[in-house]
Amino acid sequence: MPETDLSLLENAARAAGEIALRYAGGAAQSWDKPDGAGPVTEADLAVNEMLKSDLRAARQDYGWLSEECEDDEDRLAAERVFIIDPIDGTRSFMKGDDTWAHALAIAERGEVIAAAVYLPVLDRMYLAAKGQGATLNGEALTASARRDLSGARVLAAKPSYDGSNWRDGVPDLSRHYRPSLAFRMSLVAQGRFDAMLALRGSWEWDIAAGDLIGREAGARTSDRTGAPLIFNNARPLLNGVVSAGPNIHGALIDALAQDGPQGGEIAPKYS
């Protein structure tokens, strides 16, 4: 029986974890990318090489977009495209933390249809396929049903709480943080947090997998203006990301200022 897109991503994510764990705990050599694009390690490149080789061999007609590859515009003509972050949370990985992840997605005509986010140190495998729900290690996920924005548990970096990002000041939110955007979005899908925010421009590879996992768990995802996320753009940068339980997503978008300075900034090409 042919391997489904979801099982293909799951198996590839587990293989990525095996490679990355060989370098974990600060063992990987690292260096800075040009133009202030942040750090990269030999583990990022080893994982990327394996994923590109194995996934493209399995789906030769799919396009390819990865943080660690030079962009190939041929992907724009492909009906389906892999969108890959070999290690999401490279700085966390370099420090020996446990919350870095492999984020793998397949988009079809701009919409993510299969996704895997895997945290190998914690052995957490988040999976989703369009119309089939989202799971964590085989257990179904359901996003938060919270209705009151005040007191909501929100994952976001400190710059998101700058007052200029909000219409009438920052709401009374319970503030939390994880370094990996893919993990933040998966935690919202899991219902452990009510929402997550990234208000700067967000690279597609950081959020594609988490977008589907959240939506299949019942969360709503959008850019910072509330517009749907569309993937495989010529410039793979989106206007931030907001993922939240369905009852507070609208209130969160309404509370955001749409002309704040963060909206026009571009996130570093890493997370």
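Placed above this text is the structure.
Residues numbered from 1 in each chain as written. Predicted model: local features only at pLDDT ≥ 70, side-chain atom pairs only at ≥ 80, totals over all residues. Heavy atoms only, no water.

### Observations regarding the environment of Ala234
Its location among the elements puts Ala234 in the loop between strand E14 (220–222) and strand E15 (237–238). By relative accessible area, which is 61% here, Ala234 ends up exposed. Residues Ala234 and Asp71 lie 163 residues apart in sequence; the distance between their C-alpha atoms is 9.5 Å. When near neighbours in sequence (up to four residues on either side) are disregarded, Ala234 contacts Asp71, Arg75 and Leu76. (Helix = DSSP H or I, 4+ residues; strand = E, 2+ residues; numbered from the N terminus. Buried < 20%, exposed > 50% of the residue type's maximum accessible area, 1.4 Å probe, protein only. Contact = heavy atoms within 4.5 Å.)

### Some points on unusual backbone geometry
Unlike most non-glycine residues, Asp123 shows phi in positive territory, near 50°. Its location among the elements puts Asp123 in the loop between strand E6 (111–119) and strand E7 (124–129). Given the relative accessible area of 41%, Asp123 is considered partly exposed. Even without a glycine there, the phi angle at Asn232 is positive, about 65°. Within the secondary structure, Asn232 is located in the loop between E14 and E15. Its relative accessible area of 15% is what places Asn232 among the buried residues.

### Here's the deal with the side chain of Ser180
Following the sequence through the fold, Ser180 ends up in the loop between strand E11 (174–176) and helix H4 (181–190). Judged by its relative accessible area of 0%, Ser180 falls in the buried class. Here the side chain of Ser180 touches Phe183 through a polar contact of 3.1 Å, landing on its backbone nitrogen. In contact with Ser180, not counting residues within four places along its chain, are Asp88, Thr99 and Ala101. (Polar contact = N/O pair within 3.5 Å; in protein donor to acceptor, adjacent residues only side chain to side chain.)

### Details of the nonpolar core
Tyr126, Ile213 and Phe231 are the most contacted members of the largest nonpolar core, which has 42 residues in total. Looking at which element gives the most residues to this core, the answer is H4, with seven residues. Each residue touching Ile213, except ones within four places of it in the same chain, is listed here: Ala115, Val117, Tyr126, Leu127, Ala128, Ala134, Leu141, Ser186 and Ala189. (Core = buried A, V, L, I, M, F, W, Y, C linked by side-chain atoms within 4.5 Å.)

### A look at the pairing of strand E3 (residues 63–66)
Here E3 shows a buried face lined by Gly63 and Leu65 and a second buried face lined by Trp64 and Ser66. The pairing of E3 with strand E4 (residues 80–88) spans four bridges and is classified as parallel. By the bridge assignment, Gly63 is partnered in E4 with Val81. (Pairing = 2+ DSSP bridges.)

### Section: the packing of aromatic side chains
Tallied over the entire structure, the rule returns five aromatic pairs. Both rings, one in Phe93 and one in Trp100, keep their centres 4.8 Å apart while their planes meet at 90°; by these two values the pair is edge-to-face. Phe93 sits in the buried class, given a relative accessible area of 2%. Three or more aromatic residues joined by ring pairs make a cluster, and in this case those are Tyr62, Trp64 and Phe82. (Phe/Tyr/Trp six-rings, centres within 6.5 Å; stacked < 30°, edge-to-face > 60°.)

### With respect to the pairing of E6
Of all nine residues that make up E6, eight are buried, and the element is covered over most of its length. One ladder, built from seven bridges, connects strand E5 (residues 101–108) with E6; its direction is antiparallel. For Ala107, the partnering residue across the bridge sits in E6 and is Val112. Connecting E5 to the antiparallel partner E6 that follows it, the hairpin turn spans two residues, and Arg109 within it adopts a positive phi of roughly 50°. In this sheet, E7 lies alongside E6 in antiparallel orientation, the contact comprising six bridges. Among the inter-strand pairings, Ala115 is bridged to a residue of E7, identified as Ala128. Between E6 and E7, which pair antiparallel one after the other, the connecting turn spans four residues, and Asp123 there sits at a positive phi close to 50°.

### Regarding the environment of Ala46
Residue placement: Ala46 occurs in helix H2 (residues 42–58). For the pair Ala46 and Ala16, spaced 30 residues apart in sequence, the C-alpha separation works out to 8.7 Å. Non-local contacts of Ala46, meaning those with residues more than four positions away in its chain, are made with Ile19 and Tyr23.

Take it as geometry only, folks, not as evidence of what the structure does.
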